[in-house]
Amino acid sequence: MTSESIVGGGGSARSAGQASSRQGSAFRVGVIGGDGIGPEVVAEALKVVDAAGIALETVAYDLGAGRYLRTGEVLPASVLDELRELDAILLGAVGPPVGSSEVPSGLLERGLLLKLRFELDLYINLRPFTPTPGSIAEGSDFAVVRENTEGSYAGEGGFLRKDTAQEVATQGAVNTRFGVERCLRFAFDLARTRERKSLTLVHKANVLTFAGDLWRRAFDEVGDGFPEVHRAYDHVDASCIYLVEKPSRYDVIVTDNLFGDIITDLAGAVSGGIGLAASANLNPERTGPSLFEPVHGAAWDIAGKHTANPLAAIRSAALMLDHLGEAEVAARITKAVVEHAVSSSARNTPGGSYTGKSQMSTAEIGDAIAEKV
Ligand code: IPM
Ligand code: MN
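Just so you know, these numbers come straight off a predicted model, no measurement behind them.

Parameters at a glance
Residues numbered from 1 in each chain as written. Chains lettered and ligands numbered in written order. Predicted model: local features only at pLDDT ≥ 70, side-chain atom pairs only at ≥ 80, totals over all residues. Heavy atoms only, no water. Near = heavy atom within 4 Å. Polar contact = N/O pair within 3.5 Å; in protein donor to acceptor, adjacent residues only side chain to side chain. Areas by Shrake-Rupley, 256 points an atom, 1.4 Å probe, with all protein chains shown as cover. Helix = DSSP H or I, 4+ residues; strand = E, 2+ residues; numbered from the N terminus. Nonpolar A, V, L, I, M, F, W, Y, C, P; charged D, E, K, R; others polar. Core = buried A, V, L, I, M, F, W, Y, C linked by side-chain atoms within 4.5 Å. Buried < 20%, exposed > 50% of the residue type's maximum accessible area, 1.4 Å probe, protein only. Contact = heavy atoms within 4.5 Å. Salt bridge = Lys/Arg side-chain N within 4 Å of Asp/Glu carboxyl O.

### Digging into the site of ligand 1
Neighbouring ligand 1 are Glu-109, Leu-113, Arg-117, Arg-127, Arg-146, Tyr-153 and Asp-261. With respect to ligand 1, the side chain of Arg-117 contributes an N or O atom lying 2.7 Å from an oxygen atom. Between ligand 1 and Arg-127, the relevant distance is 2.8 Å, taken from an oxygen atom to a side-chain nitrogen or oxygen of the residue. Bound to the protein, ligand 1 loses 78% of the 320 Å² it would expose on its own. At three residues, the largest contribution of residues to the shell around ligand 1 is made by helix 4 (residues 107-119). Among the residues making up the shell around ligand 1, the classes are represented as two nonpolar, no polar and five charged.

Written as structure tokens, this is what we have:
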């Protein structure tokens, strides 16, 4: 293969003779392995892309807990500027070990992953689920469209009288008509292309009467432009029951940032394990690169043990290729991932570890997929 790699973002290991300019028609992809099992699963994803015959010019970015502990940097402005120029970004996982005293909670999440989502205007977080046989959601097939730049993730709020007995903390949720509408348009557009053409808004409109009201009115108004799409609404708590007891109810779900975070972990768990759940953080207007990553986290408990399941990262790479216009190759990789998950579904059931530990090693799974594509 003709793939080349260089090191960006102030890294020191730029290999001699490898140019940083775009090579022929190869896509320039920034690779952020990140923390814990992130680098391990991303390596397998790149292996599969290469085996599928797609040449990438990868630029490795050393970002995450390691860099922070070494240099105090999370995402230097110059690195962000470099990332803006790429065709896409593939990310493993970001976050320190749970309970780490060296990295303040939220510093990497807010300073790196969420910052990229906001700065690159990745306003859609698309998470497709193809449940394996034997999983709770077996037989269903659905996707969650999570709003990715607003809600309680926007960072509105603060402390009053911090560290006193009268301390107050508020954490607001930002819902702009603009942000909600563009998310809904994407979701309706996606639902329109699917066989069942059904879109369910998930919220908590009976309690969050301001945000929920805005979402519901926008849902109806945007939906009027998509008469072929069937509309439904579920409260988020009820949707947790449906995802477990009757997931076939869903085709496409659209929801806000925090609800989307929570229900996609549940959706992963009932679909064969979070180790299979992939995601695309999309800038649909393509004013910059989109970012692709598994739904799971850094899973420090199994880092370095070669047991992490790379299927979610591999499927995320397929979402990336699809976004880059390589739909046929992307479909091939997705099919291989799903087939592998089916054949090994007994081993992918949750319970091993957070990422759905498999009995095959991380590299063996990567090899098996690479052989099929
Ligand atoms: C996810 C993750 C992130 C989120 C964290 C790491 C900030 O849980 O992508 O679902 O909450 O969005
Ligand atoms: Mn999450």
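What follows continues from the structure just given.
### Some points on the nonpolar core
Counting residues in each nonpolar core, the largest one holds 66 residues, and the members touching the most others are Val-145, Leu-184, Leu-199, Val-254, Met-320, Ile-333 and Ile-369. Ranked by residue count, the leading element in this core is helix 9 (residues 311-323), at eight residues. Filtering out sequence-adjacent residues up to four positions away, Ile-333 remains in contact with Val-48, Ala-52, Ile-314, Ala-318, Leu-321 and Val-373. The next biggest cluster of nonpolar side chains, apart from the first, holds 24 residues, and it includes Val-59, Ile-89, Leu-91 and Val-94.

### Section: the pattern of salt bridges
Applying the stated criterion across every chain yields a total of 24 salt bridges. The residue Asp-367 makes a salt bridge to Lys-47 at a minimum N-O spacing of 2.7 Å. Here Asp-367, found in helix 12 (residues 362-372), pairs with Lys-47, found in helix 1 (residues 38-51); they are 320 residues apart in sequence, far enough to count as distant. Here Arg-231 and Asp-220 are joined by a salt bridge, their closest N and O atoms 3.3 Å apart. With a gap of 11 residues between them, Arg-231 in strand 10 (residues 230-235) and Asp-220 in helix 6 (residues 211-223) connect regions that are remote in the sequence. On the accessibility criterion, Arg-231 (28% relative accessible area) is partly exposed. When its relative accessible area of 39% is taken as the criterion, Asp-220 is described as partly exposed.

### Describing the environment of Tyr-233
Its location among the elements puts Tyr-233 in strand 10. Between the C-alpha atom of Tyr-233 and that of Gly-38, which follows or precedes it by 195 residues, the distance is 35 Å. Apart from residues no more than four positions distant in its own chain, Tyr-233 is found in contact with Thr-200, Leu-201, His-203, Lys-204, Ala-205 and Arg-216. A distance of 3.4 Å separates the side chain of Tyr-233 from the backbone oxygen of His-203, its partner in a polar contact. At 2.7 Å, the side chain of Tyr-233 forms a polar contact with the side chain of His-235.

What is shown is where atoms sit, not what they do.
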